[in-house]
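Coordinates in review
If you want the building blocks of each chain, they are given just below.
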Amino acid sequence: MPDARALAAVGAWHPATPTQQGLWILDRVERLRPSYLLPTVLEFTGPVDCETLTAAVTRAMGRHPALRSRFRLDAAARRVEYRTDGPPPEVGFTDAEADGWTADEVERLVEALCYTPFELAEEAPARAEVIRLDAERTLLVLTVHHIVFDGVSRQLLVQEIGATYRAFARGAQPELTTPPHPALVQDGPADDEGLAERVAGVVDRLRGAPTTVALPYDGDPEDPELSLIGATAETLLDADVTEAVLGVSTQEGCTAFMTGVALLAATFARTTGQTDFLFAVVWPGRDDPAAADVIGMFMTTLVLRVRLDADTTWRELLRTARTAGMETFIDSDVPLDAIAAALDPDRDLARPPLTPVLVNLAEPAQPLELAPGVVGRFQPLHPEYSKWDLALFVRVDTSTGRDRLELSLNHPAELFTAATTDRVLADLRRSAADLARDPEDKVLNQPAADQTDLDDPAARLGLVRSIWQEVLDTEHVDDDVSFFDAGGDSLRLVILVERLSQASGRPLRTVDLFRAGTVRGQAELLAAPAETTSGGRGSSRDRLLGAVRDRRTDRS
């Protein structure tokens, strides 16, 4: 049974947290509204009892006070408020197979469910739909506004749906504790007399840093009509490079996130000359154990500062990134709006505060097993939306048996071309390789290999030849003998792709080097413009459809 405090909380108006108030304001900007929704698309394979799944979703979404929230502006008190005694979110069921929905119609339905904005004053800030595609495929589409939901909440809700489904399938009730009301565990607007002093301390630490980053824009970030429909490109670092980088990072007490901060700062410093950076980071905001299992909006955006100079070594930069991260996390409860107001009072509220760049850990969602043989996997979103001009997500991939750092760039598609993001990824790979090679070297000392003139045929040939010698562990290679005839194998070919990409700054594919199988052929490949050696961009589905279209064009 809910306690008296929880019951009282449900029927009262509560002040929104500073983060929620900021999100409420952003929801007033029409073009930003879809980007502050958190959609989730799960595709289940195997026989799903759709009636039971719909009931489980309805039960799970109806239990949590945050998902019943309605918001209003109290003009007299000059604050945003919410209450949680409204009707629960709507949960629907569509039998696409029985009703004759085409694949295109289902895709449009999913997009509408994912990105139709909520009227926060009038309706629950969440919706769900179970879509039966056929006997073996079922979609679950969940969409919740960020104002009441974060990444941890998504995990909690999906897990609860699974537990409830399994219980219902057994004819039982799920064993779940009564969820606390968010207002009982969230921090409301700060009225601490010491807050002004803490804000001043953070402002003093950040003051003087540029509130821009010299990004290689192809589009105009200040365009008020800029579409926030996003694009993503990623790269996996070589396992040996990863091992060396993480080894040094561990010695300096750095997490993978802090390592990503250091690599990004180094890459920008080496390519733009800027040496003082502000980067944003999202903090889970669940330091209080009472908030650990509560569905609500606890995340907050923090800003850290990283500086280097001509004498900074890679090891010193890692220490700087660690210190910056620790300082920022210590002050995680200082409202970013107050910091931004002091440092950049004239900023456009529709733009990210203090910096256009985000660095964060990527935490891939785990599949949901509804029942034996029935597994739900998270699907890519089409389209996806990007809130930051450039976001770097860092994770350690373990799927190959050895750790490999994965670096993923996300951004509004109109801001950067595919060639530009490929160059940034190549520069990140080069930074990681240099850190791995000599952590005591100065960051801004770029090895001679980086200076290779790819317009010079002899220089290209020498570069490729030297990397073949390294990968094949031999002092002599024939420029006109195939890689496999020279002693290579498929694993060494993958390593060759990584090393040539790092050394040349050109994004190469395994298939490119397989087709141009000699030293001479690969040297000529490096003569092509960077755009032609790119593996393309967008989702794997986009690349697949592009290849099919190309093939159809060739046959016509």
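Structure: see above.
The sections below set out a description of the structure shown in this document.

Thresholds, definitions, all that
- Here, residues in each chain are numbered from 1, in the same order as that chain's written sequence.
- Residues qualify for local features only when their pLDDT is at least 70, as the model is predicted, and side-chain atom pairs are given and counted only at 80 or more; totals for whole chains, interfaces and linings, by contrast, use all residues.
- Water and hydrogen atoms were dropped before computing side-chain values, which therefore reflect all heavy atoms in the structure.
- We define the nonpolar core as a collection of buried residues of types Ala, Val, Leu, Ile, Met, Phe, Trp, Tyr and Cys that are connected through side-chain atoms lying within 4.5 Å of one another.
- For each residue, the accessible area found with a 1.4 Å probe, counting protein chains only, is set against the maximum for its type, and the residue is called buried under 20%, exposed over 50%, and partly exposed in between.
- Strands are treated as partners if at least two bridges between them are detected by DSSP.
- Strands here mean DSSP runs of E at least two residues long; helices mean DSSP runs of H or I at least four residues long; both are numbered from the N terminus.
- In what follows, residue pairs with any heavy atoms lying within 4.5 Å of each other are defined as contacts.
- Axis definition: a line fit to C-alpha positions, over the contact stretch in the case of helices; interaxial angles, taken between N-to-C directions, run 0 to 180 degrees.
- Between 65 and 115 degrees an angle is taken as roughly perpendicular, under 35 as roughly parallel, over 145 as roughly antiparallel, and anywhere else as oblique.
- The crossing is said to be left-handed when, going from far helix to near helix, the turn is anticlockwise and less than a right angle, and right-handed when the turn is clockwise.
- Here a pair means two rings of Phe, Tyr or Trp (six-membered ring of Trp) with centres within 6.5 Å. Their orientation is stacked below 30 degrees between planes, edge-to-face above 60, and tilted elsewhere.
- Salt bridge criterion: a side-chain nitrogen from Lys or Arg within 4 Å of a carboxyl oxygen from Asp or Glu.
- Whenever a nitrogen or oxygen atom comes within 3.5 Å of another N or O atom, the pair is scored as a polar contact, on the condition that within protein one atom can donate a hydrogen and the other can accept it, and that pairs from neighbouring residues in sequence are kept only if both atoms are in side chains.

1. Overview of the nonpolar core
By size, the foremost hydrophobic cluster in this structure holds 94 residues, and its most contacted members are Phe44, Leu53, Leu67, Leu142, Leu157, Phe279 and Leu428. One finds Leu461, Leu463, Leu500 and Leu526 within the second-largest nonpolar core, a separate group that totals 20 residues.

2. Topic: the sheet that holds strand S3 (residues 70-74)
Pairing within the open sheet is antiparallel, and its three strands lie in the order S1-S4-S3. Where the open sheet ends on each side, the last strands, each with one partner, are strand S1 (14-15) and S3. Two elements, S1 and strand S4 (residues 79-83), share two bridges in a ladder whose sense is antiparallel. Following the sheet pairing, Pro15 is matched in S4 by Glu81. Set on the sheet, helix H2 (residues 18-26) makes contact with S3 and S4; between it and S4 the angle comes to about 100°.

3. Here we look at the sheet that holds strand S7 (residues 137-145)
Across a sheet, strands are paired by hydrogen bonds formed along the backbone, either parallel or antiparallel in direction. What the six strands build is an open sheet, ordered S5-S6-S7-S2-S13-S12; its pairing is mixed. For this open sheet the edge positions go to strand S5 (90-95) and strand S12 (368-371), each flanked by a neighbour on one side alone. Shown here is a sheet whose adjacent strand axes are inclined to one another by a mean of 20°, direction ignored. Alignment of strand S6 (residues 126-134) against S7, held across eight bridges, turns out to be antiparallel. Residue pairing in the sheet places Ile131 in a bridge with Leu139 of S7.

4. Here we look at the packing of helix H3 (residues 50-63) against helix H5 (residues 151-169)
Interhelical geometry of H3 versus H5 gives an angle of 130° and a closest axis separation of 8 Å. Classed by the angle they form, the pair H3 and H5 counts as oblique. Relative to H5, H3 is oriented so that their crossing is right-handed. Residues Thr52, Leu53, Ala55, Ala56, Val57, Arg59, Ala60, Met61 and Arg63 of H3 form the contact with H5, whose own contacting residues are Leu157, Glu160, Ile161, Thr164, Tyr165, Phe168 and Ala169.

5. Observations concerning the packing of aromatic side chains
Summed over all chains, the structure comprises 10 aromatic pairs. Their ring planes at 40° and their centres at 6.1 Å tell us that Phe268 and Phe277 sit as a pair that is tilted. Under the relative-accessibility criterion, Phe268 is labelled buried at 2%. Its relative accessible area of 0% is what places Phe277 among the buried residues. Taken together, a centroid distance of 6.5 Å and an interplanar angle of 65° make the contact between Phe268 and Phe279 edge-to-face. A residue pair is termed long-range when its members are at least 10 positions apart, and Phe268 in helix H8 (residues 256-272) and Phe279 in strand S9 (residues 276-283) qualify at 11 residues. Residue classification places Phe279 among the buried positions, given a relative accessible area of 1%. In this structure an aromatic cluster arises from ring pairing among Phe257, Trp283 and Phe329.

6. Focus: the packing of helix H12 (residues 457-472) against helix H13 (residues 490-504)
Viewed as axis vectors pointing N to C, H12 and H13 meet at an angle of 140°, and their least axial separation amounts to 10 Å. Taken together, the axes of H12 and H13 lie oblique to each other. Judged by the twist between their axes, the crossing of H12 over H13 is right-handed. Of the residues in H13, those in contact with Leu463, Val464, Ile467, Trp468, Glu470, Val471 and Leu472 of H12 are Arg492, Ile495, Leu496, Arg499, Leu500, Ala503 and Ser504.

7. Some words on the pattern of salt bridges
All told, the structure shown has 35 salt bridges when counted by the stated rule. Measuring nitrogen to oxygen at the nearest pair gives 2.7 Å for the salt bridge that ties Arg430 to Asp427. Highlighted residues: Arg430 and Asp427, both in helix H11 (residues 418-437), separated by three residues, approximately one helical turn. Arg430 sits in the buried class, given a relative accessible area of 11%. Note that Asp489 and Arg492 form a salt bridge whose closest N and O atoms lie 3.9 Å from each other.

8. Focus: the environment of Thr143
On the secondary structure map, Thr143 appears in strand S7. Here the alpha-carbon distance between Thr143 and Pro117, two residues 26 residues apart in the chain, equals 9.8 Å. Not counting the four nearest positions on each side in its chain, Thr143 is found in contact with Leu37, Leu38, Pro39, Leu113, Cys114, Phe118, Pro125, Ala126 and Arg127. A distance of 2.9 Å separates a polar atom in the side chain of Thr143 from the backbone oxygen of Leu113.

9. Some details on the environment of Gln155
Positionally, Gln155 belongs in helix H5. For Gln155 and Asp293, which are 138 residues apart along the polypeptide, the C-alpha to C-alpha distance reads 9.8 Å.

10. Things to note about the pairing of strand S14 (residues 390-397)
Of the strand pairs in this sheet, strand S11 (residues 357-361) and S14 are connected by five bridges, and their pairing is parallel. Directly across from Val359, in S14, lies its bridge partner Leu392. Bridge count between S14 and strand S15 (residues 404-412): seven bridges; the pairing is antiparallel. Bridge assignment links Arg395 to a residue of S15, and that residue is Glu406. Hairpin remark: S14 followed by S15, antiparallel, with six residues in the connecting loop; positive phi at Gly401, about 95°.

11. Here we look at the environment of Pro412
The residue Pro412 is located in strand S15 in this model. For Pro412, a relative accessible area of 1% translates into the label buried. For the pair formed by Pro412 and Arg205, sequence separation is 207 residues and the distance between their alpha carbons is 30 Å. Every residue in contact with Pro412, bar those within four places of it in the chain, is listed here: Ser227, Leu228, Ile229, Gly230, Ser386, Trp388 and Asp389.

12. Let's talk about unusual backbone geometry
The general pattern is negative phi for most residues beyond glycine and trans for most peptide bonds. A cis amide bond links His382 with the next residue in sequence, Pro383, at an omega value of -5°. As for its placement among the helices and strands, Pro383 is situated in the loop between strand S13 (374-378) and S14. Of note, Arg78 is a non-glycine position whose phi angle comes to about 55°, a positive value. The phi dihedral of Asp473 is positive, around 55°, even though this residue is not glycine. A residue is classified by how much of its surface remains accessible, and Asp473, at 69% relative accessible area, is exposed.

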